[in-house]
Amino acid sequence: MTSGNPTPPTSARHTPVLRDRCINLLAPAFEAARLAGRTPVVVDATLGMGGHSEAMLQRFDDLHLIGIDRDTEALDLAGARLSRFSSRTDLVHAVYDEIDAVLDDLGIPAIDGILMDLGVSSLQLDERERGFAYSFDAPLDMRMDTSRGQTAADIVNTYSEEELVRIIRKWGEEKFAGRIANHIVAARDKAPLTHTGELVEIIRNVVPAGAARTGGHPAKRTFQALRIEVNEELNVLERAVPAAVDALALHGRAVIMSYHSLEDKIVKAVFAAGSRSSAPAGFPVELEEHKATLRRLTKGTEIPTDEEIAENPRAASARLRAVEKVKVRSAA
Ligand SMILES: C[S@@+](CC[C@H](N)C(=O)[O-])C[C@H]1O[C@@H](n2cnc3c(N)ncnc32)[C@H](O)[C@@H]1O
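Please read all numbers here as calculations on a predicted model, not as lab measurements.

Trainee: So what's going on with the overall build of the chain? Residues and values would help.
Mentor: For the chain, the count of helices and strands is 14 helices and 7 strands. Against the 2.2 N^0.38 benchmark of 20 Å for 332 residues, the chain shows a C-alpha radius of gyration of 21 Å, consistent with a compact globule. When its C-alpha atoms are laid out on the principal axes, the chain stretches across 65 × 55 × 40 Å. Scored against the burial criterion, the 332 residues of the chain give a buried share of 52%.

Trainee: Residues and numbers for the site of the ligand, please.
Mentor: Around the ligand, 25 residues are found, and the nearest of them are H52, D69, Y96, D117 and Q124. Within the backbone of M49, an N or O atom sits 2.9 Å from an oxygen atom of the ligand. Between the ligand and R70 there is a distance of 3.2 Å, counted from a nitrogen atom to a backbone nitrogen or oxygen. Most atoms of the ligand, that is more than half of them, are within 2 Å of grid points of the largest cavity. A per-class count over the shell around the ligand returns 11 nonpolar, 9 polar and 5 charged.

Trainee: Which residues make up empty space enclosed by the protein, and what values do they have?
Mentor: For the coordinates displayed, the defined rule picks out 1 cavity of 30 Å³ or more. For the largest cavity, the calculated volume is near 400 Å³. In terms of lining residues, the largest cavity is bounded by 34 residues, among which T46, D69, D117, L118 and G119 are the most central. When contributions to the lining of the largest cavity are tallied by element, the ones reaching two or more residues are α2 (51-59), β2 (64-69), α5 (122-126) and α12 (233-246).

Trainee: Just give me the short version of the pattern of salt bridges, but keep the residues and values in it.
Mentor: Under the defined criterion, the tally for this structure stands at 18 salt bridges. Across the pair R84 and E54 runs a salt bridge, and its minimum N-O distance is 3.3 Å. Note that R84 is positioned in the loop between α3 (72-81) and β3 (89-93) and E54 in helix α2, a separation of 30 residues in sequence. What makes E54 buried here is its relative accessible area of 15%. Between R130 and D71 there is a salt bridge, with its nearest N and O atoms 2.8 Å apart. With a gap of 59 residues between them, R130 in the loop between α5 and α6 (152-158) and D71 in the loop between β2 and α3 connect regions that are remote in the sequence. Here the residues in one salt-bridge network are E31, R34 and D62, joined through shared partners.

Trainee: Before we move on, can you summarise the layout of surface pockets with the specific residues and values?
Mentor: Think of a ball as big as a water molecule: rolled over the atoms, this probe shows where empty space is left. Of the pockets and cavities examined, the largest pocket occupies roughly 940 Å³. Contributing to the lining of the largest pocket are 30 residues, with V120, L125, Y134, R227 and R314 lying nearest its centre. Only α5 and α11 (220-231) provide two or more residues apiece to the lining of the largest pocket.

Trainee: Lay out a negative patch on the surface in plain terms, naming residues and giving numbers.
Mentor: Taken together, the side chains of D100, D104, D105 and D246 define an acidic patch exposed on the protein surface. Take the negative patch: its biggest share by element is 3 residues, from helix α4 (residues 99-106). Position of D104 among the secondary structure elements: in helix α4.

Trainee: Tell me about the domain arrangement of the chain, and please be specific about residues and values.
Mentor: If you check the domain split of the chain, you get domain 1 (10-117 + 233-325) and domain 2 (133-231). Computed over C-alpha atoms, the centres of domain 1 and domain 2 are 31 Å apart. With 11 residues of domain 1 at the contact, the number on the domain 2 side is 11 residues. Of the roughly 1000 Å² buried between domain 1 and domain 2, counting both surfaces, carbon and sulfur atoms make up 48%.

Trainee: Which residues make up a nonpolar patch on the surface, and what are the values?
Mentor: Residues F283, V285 and L287 make up a contiguous nonpolar surface patch of roughly 250 Å² in combined accessible area. With respect to the helices, strands and loops of the structure, L287 is situated in the loop between α13 (261-274) and β6 (294-296). For L287, a relative accessible area of 32% corresponds to the partly exposed category.

Trainee: Before we move on, can you summarise the packing of aromatic side chains with the specific residues and values?
Mentor: For any pair of aromatic rings, geometry is given as the distance between the ring centres together with the angle between the planes. By the definition in use, this model includes 2 aromatic pairs. A centroid spacing of 5.1 Å and a plane angle of 80 degrees characterise the contact between F30 and F60, whose relative ring orientation is edge-to-face. Separated by 30 residues along the polypeptide, F30 in helix α1 (residues 19-35) and F60 in the loop between α2 and β2 bring together distant segments of the chain. Ring centres of Y134 and F223 lie 5.8 Å apart, and the angle between their planes is 85 degrees; this geometry places the pair in the edge-to-face category. Pair noted here: Y134 is in the loop between α5 and α6 and F223 is in helix α11, with a separation of 89 residues, a long-range link. Taking relative accessible area as the criterion, F223 reaches 3% and is therefore assigned buried. Residue placement shows R128 over the ring face of F136; its charged tip is 4.3 Å from the ring centre.

Definitions and limits used
Residues numbered from 1 in each chain as written. Predicted model: local features only at pLDDT ≥ 70, side-chain atom pairs only at ≥ 80, totals over all residues. Heavy atoms only, no water. Helix = DSSP H or I, 4+ residues; strand = E, 2+ residues; numbered from the N terminus. Rg over C-alpha atoms; globule rule 2.2 N^0.38 Å. Buried < 20%, exposed > 50% of the residue type's maximum accessible area, 1.4 Å probe, protein only. Near = heavy atom within 4 Å. Polar contact = N/O pair within 3.5 Å; in protein donor to acceptor, adjacent residues only side chain to side chain. 1 Å grid on protein atoms, 1.4 Å probe; cavity = no way out; pocket = protein on both sides within 12 Å on 5 of 7 lines; lining within 4 Å. Sits in = over half its atoms within 2 Å of the grid points. Nonpolar A, V, L, I, M, F, W, Y, C, P; charged D, E, K, R; others polar. Points joined across faces, edges and corners; volume = space filled by probe spheres on them. Salt bridge = Lys/Arg side-chain N within 4 Å of Asp/Glu carboxyl O. Patch = residues over 30% accessible without salt bridge, like charges linked within 9 Å, V, L, I, M, F, W, Y side chains within 5 Å. Areas by Shrake-Rupley, 256 points an atom, 1.4 Å probe, with all protein chains shown as cover. Lys, Arg positive; Asp, Glu negative; His and termini not counted. Charge placed at Lys NZ, Arg CZ, Asp CG, Glu CD. Domains from an automatic or database assignment. Contact = heavy atoms within 4.5 Å. Buried area = accessible area lost by both parts, 1.4 Å probe. Phe/Tyr/Trp six-rings, centres within 6.5 Å; stacked < 30°, edge-to-face > 60°. Lys NZ or Arg CZ within 6 Å of the ring centre and 35° of its normal.

Laid out in structure tokens, this is it:
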């Protein structure tokens, strides 16, 4: 299953998704900071290989950037790529729901922009030994932060059959979850599963040929489910989006790109709640405390153009939403 092609260099294998649109959405927030006499500060909460960060630092020569990633390999690569901007950057190894603590440690009370380009990076998919890709045989790992936490092997070998059904169905939206979980348990009873290839083989044997022909790679949804479970992606995101919005200064902006409906649902809910008045139904006047704190900058979701998708197939599933902070809640 392992292809003989060498991994291309980082610079050649990475195009930031919706780069110019993200930056154009954030730019007015940086201008608002300047007008208020402050240096604009942006958080790139998913630094990855630093593609979006590099473009922002290049375009705004007064911008201070805080780059967060839970993957130390990504931080090293982005650090090298952004080294010429080191006086204007702080790169931090953290999970993005820790944004409050990161800003506290840096002594930054509020930020003007935050960018979140969710999910797995091209680097993580291309580094075969990390086990994110179903197309290469590799150890069943899938941790974005390889320094801690359970691996995909821990999950497939120790979760009960019911738990496996639940995560594959819920996080993978896989209709053959029951059969896949049943076959995983039968296989691990003979010997623990250690490699992605073994899992792909099990799934191939379980997903009916017709479904496999029409539904993309048969292992795609199970791999997505395991990756979400390993990295607790959706639980973390549920805490991170409100924390990101809270951290914004007045006129600060948040831009978030999701890659599947479960992520987008969380982003949409937080943005929608902030954009509504919280006045009880039938309340005669809208009190200041009930006014919406956010203004939506995108109508529904925005998607990349066909041209961008042709150039960067990973962009195909991107869904972008953005908001502006229009009211800062006074401290209780
Ligand atoms: C799609 S990539 C970002 C690519 C980046 N925009 C660029 O231009 O290079 C997503 C990155 O976010 C990181 N990441 C995902 N979930 C995270 C989390 N909960 N906390 C911190 N970083 C996370 C991943 O490790 C990965 O490097």
